[in-house]
Amino acid sequence: MDYSVLAAYIGVFLLAEVIHELGHYLVGRICGFSCREFSIGMGPAILSIPLCGTRWKWRLLPLGSSCDLEDFSRPRKGEKLAKLRRLAVILAGPGMNLLLTLGLLLAVGGDWDWVTALMNLDFAGTLDCVRDLFPLKMDRLWEFAGLISVCLAGFNLIPLPGFDGARALGMVFKKKV
């Protein structure tokens, strides 16, 4: 197995996660939330830089990322748009992943049959197209990036505790999740 290909695919996966968290970060900052920490990876921090009121950390394991917004779970007193602001921040992560997929689709082009199958709700056809992406090859890297990004958006919208979907439903139904 070519380890440079595997490293590239892990990098693409991390890129999709970072773009997801950057969506939360950017919309959060626009909506007036400050960010204590933005972490790339998991585990102990190997690099930490304070910049623009945020501590930016690179962690040991290149999987996962997080954005810690201050006062996000507590609405400001008397603010009518608090729920809408928080909902925008929650949906910004999956939204960025969908924009990344669209951007890759337009920029790279290629044979993205899984997009057509998915949009037609042809899940068996989608799985067949995904199966064709393996074994991992460098010429299919950006197609894989689009797939990972759209899957990350969909996965995060599942209404389970800790996911963006549960937080969004909690906002709509006024429950802390």
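The structure contained in this document is the topic of the report that follows. Being a predicted model, the structure only gives us computed values, none of them experimental. (Residues numbered from 1 in each chain as written. Predicted model: local features only at pLDDT ≥ 70, side-chain atom pairs only at ≥ 80, totals over all residues. Heavy atoms only, no water.)

1. With respect to the side chain of Thr101
Moving on, step 1. Structurally, Thr101 can be placed in helix H2 (residues 82-108).
Moving on, step 2. In terms of polar contacts, Thr101 uses its side chain to reach the backbone carbonyl oxygen of Gly146, at 3.0 Å.
Moving on, step 3. One polar contact links the side chain of Thr101 to the main-chain amide nitrogen of Val150, over a distance of 3.4 Å.
Moving on, step 4. Those residues in contact with Thr101 that sit more than four places away from it in its chain are Trp112, Trp114, Gly146, Ser149 and Val150. (Helix = DSSP H or I, 4+ residues; strand = E, 2+ residues; numbered from the N terminus. Polar contact = N/O pair within 3.5 Å; in protein donor to acceptor, adjacent residues only side chain to side chain. Contact = heavy atoms within 4.5 Å.)

2. Things to note about the side chain of Ser65
Moving on, step 1. In this structure, Ser65 sits in strand S2 (residues 54-69).
Moving on, step 2. Within polar-contact distance, the side chain of Ser65 engages the backbone oxygen of Glu17 at 3.2 Å.

3. Observations regarding the packing of aromatic side chains
Moving on, step 1. A full pass over the atoms with the stated rule returns five aromatic pairs.
Moving on, step 2. On the numbers, 4.5 Å between centres and 55 degrees between planes, the contact of Tyr9 with Phe144 is tilted. On the criterion of sequence distance, the pair formed by Tyr9 in helix H1 (residues 3-30) and Phe144 in helix H5 (residues 141-156) is long-range, its members being 135 residues apart. Like Tyr9, the residue Phe144 is buried in the burial classification.
Moving on, step 3. Ring centres of Phe38 and Trp56 lie 4.9 Å apart, and the angle between their planes is 35 degrees; on these two criteria the pair is classed as tilted. (Phe/Tyr/Trp six-rings, centres within 6.5 Å; stacked < 30°, edge-to-face > 60°. Buried < 20%, exposed > 50% of the residue type's maximum accessible area, 1.4 Å probe, protein only.)

4. Points about a nonpolar patch on the surface
Moving on, step 1. A cluster of nonpolar side chains, namely Ile10, Met42, Ile46, Leu47, Ile49, Leu51, Trp58, Leu60, Leu61 and Leu63, defines an oily patch on the protein surface of about 930 Å² accessible area.
Moving on, step 2. At the level of secondary structure, the elements contributing two or more residues to the nonpolar patch comprise strand S1 (35-51) and S2.
Moving on, step 3. When residues in the nonpolar patch are grouped by element, the largest group, five residues, is from S1.
Moving on, step 4. With respect to the helices and strands, Leu47 occurs in strand S1.
Moving on, step 5. In this structure Leu47 comes out as partly exposed when scored by relative accessible area, which is 48%. (Patch = residues over 30% accessible without salt bridge, like charges linked within 9 Å, V, L, I, M, F, W, Y side chains within 5 Å. Areas by Shrake-Rupley, 256 points an atom, 1.4 Å probe, with all protein chains shown as cover. Salt bridge = Lys/Arg side-chain N within 4 Å of Asp/Glu carboxyl O.)

5. Considerations on the pattern of salt bridges
Moving on, step 1. Evaluated as defined, the whole model comprises five salt bridges.
Moving on, step 2. A salt bridge links Arg36 to Glu70; its shortest N-O distance comes to 3.9 Å. Note that Arg36 is positioned in strand S1 and Glu70 in the loop between S2 and H2, a separation of 34 residues in sequence.
Moving on, step 3. For Lys57, the salt bridge goes to Glu37, with nearest N and O atoms at 3.1 Å.

6. Describing unusual backbone geometry
Moving on, step 1. Although it is not a glycine, Cys52 sits at a positive phi angle of roughly 55 degrees.
Moving on, step 2. Along the polypeptide, Cys52 turns up in the loop between S1 and S2.

7. Describing H1
Along an α-helix, residues three or four positions apart point the same way, because every turn accommodates 3.6 residues.
Moving on, step 1. For H1, built from 28 residues, the straight-helix expectation of 40 Å at 1.5 Å per residue is met to within 8% by its first-to-last C-alpha distance of 40 Å.
Moving on, step 2. Once H1 ends, the next one or two residues include Gly32, with phi positive near 95 degrees. (Expected span 1.5 Å × (residues − 1).)

8. Focus: the packing of H2 against helix H6 (residues 164-172)
Working note: a packed helix pair is described by the angle between its axes plus the distance between those axes.
Moving on, step 1. For the pair H2 and H6, the least separation of the axes is 9 Å and the interaxial angle reads 160 degrees. Put simply, H2 runs roughly antiparallel to H6. Every pair of crossing elements has a handedness; the one defined by H2 and H6 is left-handed. Contacts from Lys83, Arg86, Leu87, Ile90, Leu91 and Pro94 in H2 reach Asp164, Arg167, Ala168, Met171 and Val172 in H6. (Axes fitted to C-alpha atoms, helices over the stretch in contact; angles between N-to-C directions. Parallel < 35°, antiparallel > 145°, perpendicular 65-115°, else oblique. Left-handed = near helix turned anticlockwise from the far one by under 90°.)

9. Points about the environment of Leu22
Moving on, step 1. In this fold, Leu22 is placed in helix H1.
Moving on, step 2. Separated by 44 residues in sequence, Leu22 and Ser66 have C-alpha atoms that sit 9.0 Å apart.

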